[in-house]
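Take a look at the letters that make up each chain.
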Amino acid sequence: MTLYQWFIFFLGVQLIHYLGTWKLYEKAGRKGWEAGIPIYNSIILMKIINRPTWWTFLLFVPVINLIMFPIVWVETLRSFGKNSTLDTFLGIITCGFYIYYINYTQNVTYITDRSTIATTKTGDTVSSLLFAIIVATFVHTYFIQPFTIPTSSLEKSLLIGDFLFVSKYNYGARVPMTTVAAPMVHDTLPIINVKSYSKWPQLPYFRFPGFEKIKNNDIVVFNWPVDTVVKFFDRSGIKADKPVDKKSNYVKRCVGIAGDSLEIKKGIVYVNGKELKFPERARPQYSYIAVYDKKTQIDDLNALYKDLKITKADEPRPMNQNNDSIYFPAMTLESSNKLRQIPGFISVTRYVETKPDLSVFPHSKPWNIDNYGPIYIPEQGKSVQLDLVSLPLYSRIITEYEGNKLEIKGSDIYINGEKTKTYIFKQDYYWMMGDNRHRSEDSRYWGYVPENHIVGKPIFIWMSWDSEGKGIMNKIRWERLFTTVSGEGQPQSYFKYFLFLLAAYFVGEYFWKKRKAKSE
């Protein structure tokens, strides 16, 4: 929906509210016309139902307002003596239109200074639960969101089974575009496995100011631009046309930002002509071919692979019938150097793809995942020259991400019906890649990531679960608990400090209660 369409929709909602409540406003000692003034009517309504004025703010926060509306409907009914279970049920099941019936047909009396304290234990529990859901939804949407690493694309830097806290405020919180959605879930409702949202109505993209910009080498969570799967890891073949903010969440390293020129040569990324240097905490992995002397015996290959920190998913495999060449799908530089020192290995060489691969973006160039580009990463307000050679790099941006009509007539390019040889970008774009270079579905396959797809920045690992570990104590990666994702130096676990503070809290609470009991 455009801003104009949203304005009309907003006025329509205000008209519906006015027609259904103006008599009740008058019975509460207010003027009937006050029910028809946008925003002001909500402030007055809070006074009528004896609720704080700041509740008005919650009525206009996407997703949270879906929880607030039923609460306000019920509170309105109770302010006029409609306290029965049937009244509450009808108020909710009719989406508030039961209030129309009360407004026009019932001679109700307004209850001045109505108590808002729950009179039953059930009512108190429900009120507390709703408040907790509202607070959690607000934090989840605009501040911090939990996230799990499901794939090995950032393996060694971030591991499968890492549970992260992702900051929404670092890059600026994005207001939900999908306004009708279940709180604190993504695209699918758990257990019943059905869609968790309605595609209509959609808010235009808006992001609050952040306190930092995305930088080269930042690890970023974003919505997968070409996502069509019903839910993550669903291989049923069923496709879904998802809104931007309900596309599957991906996490990759941003190797190129808006305005950069990027090229990959022999697997090494070059940005603006210079090799992109990884931060100290990064653990990039490449594929290697090791030539092995069969005369030398290694008693336990599994022990060797464990020593090299090679996961089961990346287990090496022979490249020929003689078993003297071994292919390592993913191994860090440190591990490859260690492998070279082991007797029996004659050579260890990084494997580089050489054949053109049309599965890589834009699916029309003689490139592959190890030799790619150069490409320009679009920047908002900047223009590029368009011709039939360059167009495949930007056609999806022009049509899917920025909503234009693109036509090709002979050798001429038309955008929104006008012949053109240039295009000016409406937003910034980014180039995302996994550290596990041969085990990552990333921008090399589907192209640029638009700014409006950015979710946030991983900042903290609060839990790390190794599904291959034997026994509960070995399944938890204790050294990764409560570690920061970014920062200088090697990661340091703050778990022991957390346990100390937790113990101090409970001890302090015990003595405080004991002292309070004595004073009474």
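Predicted model, so just to flag it, every value in this text is computed and none were measured.

(A) Broad picture of the packing of helix H1 (residues 3-27) against helix H2 (residues 40-48). Look at H1 against H2: their axes get within 12 Å of each other, and the N-to-C directions meet at 35°. Where H1 crosses over H2, the two elements pack in a sense that is left-handed. Residues Gln14, His17 and Tyr25 of H1 form the contact with H2, whose participating residues are Asn41, Ile44, Leu45 and Ile48.

(B) Looking closely at helix H5 (residues 85-93). Of the positions making up H5, those classed as buried are Asp87, Thr88 and Gly91. All buried residues of H5 project into a common sector of 100° when viewed along the axis, lining one side. Counted as exposed and oriented over 90 degrees from the buried face of H5: Thr85, Leu86 and Ile93. Packed against the buried residues of H5 are helix H4 (64-79) and helix H6 (98-105). Of the residues one or two after H5, Cys95 is the one with positive phi, at around 55°.

(C) Focus on the layout of surface pockets. By volume, the second largest pocket amounts to about 1,600 Å³. Taken together, 45 residues make up the lining of the second largest pocket; nearest its centre are Phe9, Val13, Leu59, Asn65 and Phe69. Elements supplying a minimum of two residues to the lining of the second largest pocket: H1, H2, H4, H6, helix H7 (121-142), strand S3 (178-181) and strand S4 (197-202). When residues of the lining of the second largest pocket are assigned to their parent elements, the largest contribution, 11 residues, is made by H1. For the lining of the second largest pocket, the residue count by class is 35 nonpolar, 10 polar and no charged.

(D) Molecular detail of the sheet that holds strand S14 (residues 372-376). Overall, antiparallel pairing links the four strands, which are arranged S9-S8-S7-S14 in an open sheet. With partners counted over all chains shown, the strands left at the sheet margins are strand S9 (274-275) and S14, one partner each. The pairing of strand S8 (residues 268-271) with S9 spans two bridges and is classified as antiparallel. Considered in S9, the bridge of Val271 is made with Lys274.

(E) Expanded view of the sheet that holds strand S10 (residues 285-292). One open sheet accounts for four strands, arranged S11-S12-S10-S13; its pairing is antiparallel. In the strand order of this sheet, the two ends are held by strand S11 (317-318) and strand S13 (345-350), each with one partner. Bridge count between S10 and strand S12 (residues 325-332): six bridges; the pairing is antiparallel. In the strand pairing of S12, Tyr286 is matched with Met331. Lying over the sheet, helix H9 (residues 333-340) contacts S10, S12 and S13, oriented at roughly 145° with respect to S12.

Calculation rules
- Residues numbered from 1 in each chain as written.
- Predicted model: local features only at pLDDT ≥ 70, side-chain atom pairs only at ≥ 80, totals over all residues.
- Heavy atoms only, no water.
- Axes fitted to C-alpha atoms, helices over the stretch in contact; angles between N-to-C directions.
- Helix = DSSP H or I, 4+ residues; strand = E, 2+ residues; numbered from the N terminus.
- Left-handed = near helix turned anticlockwise from the far one by under 90°.
- Contact = heavy atoms within 4.5 Å.
- Buried < 20%, exposed > 50% of the residue type's maximum accessible area, 1.4 Å probe, protein only.
- Arc of directions from axis to C-beta.
- 1 Å grid on protein atoms, 1.4 Å probe; cavity = no way out; pocket = protein on both sides within 12 Å on 5 of 7 lines; lining within 4 Å.
- Points joined across faces, edges and corners; volume = space filled by probe spheres on them.
- Nonpolar A, V, L, I, M, F, W, Y, C, P; charged D, E, K, R; others polar.
- Pairing = 2+ DSSP bridges.

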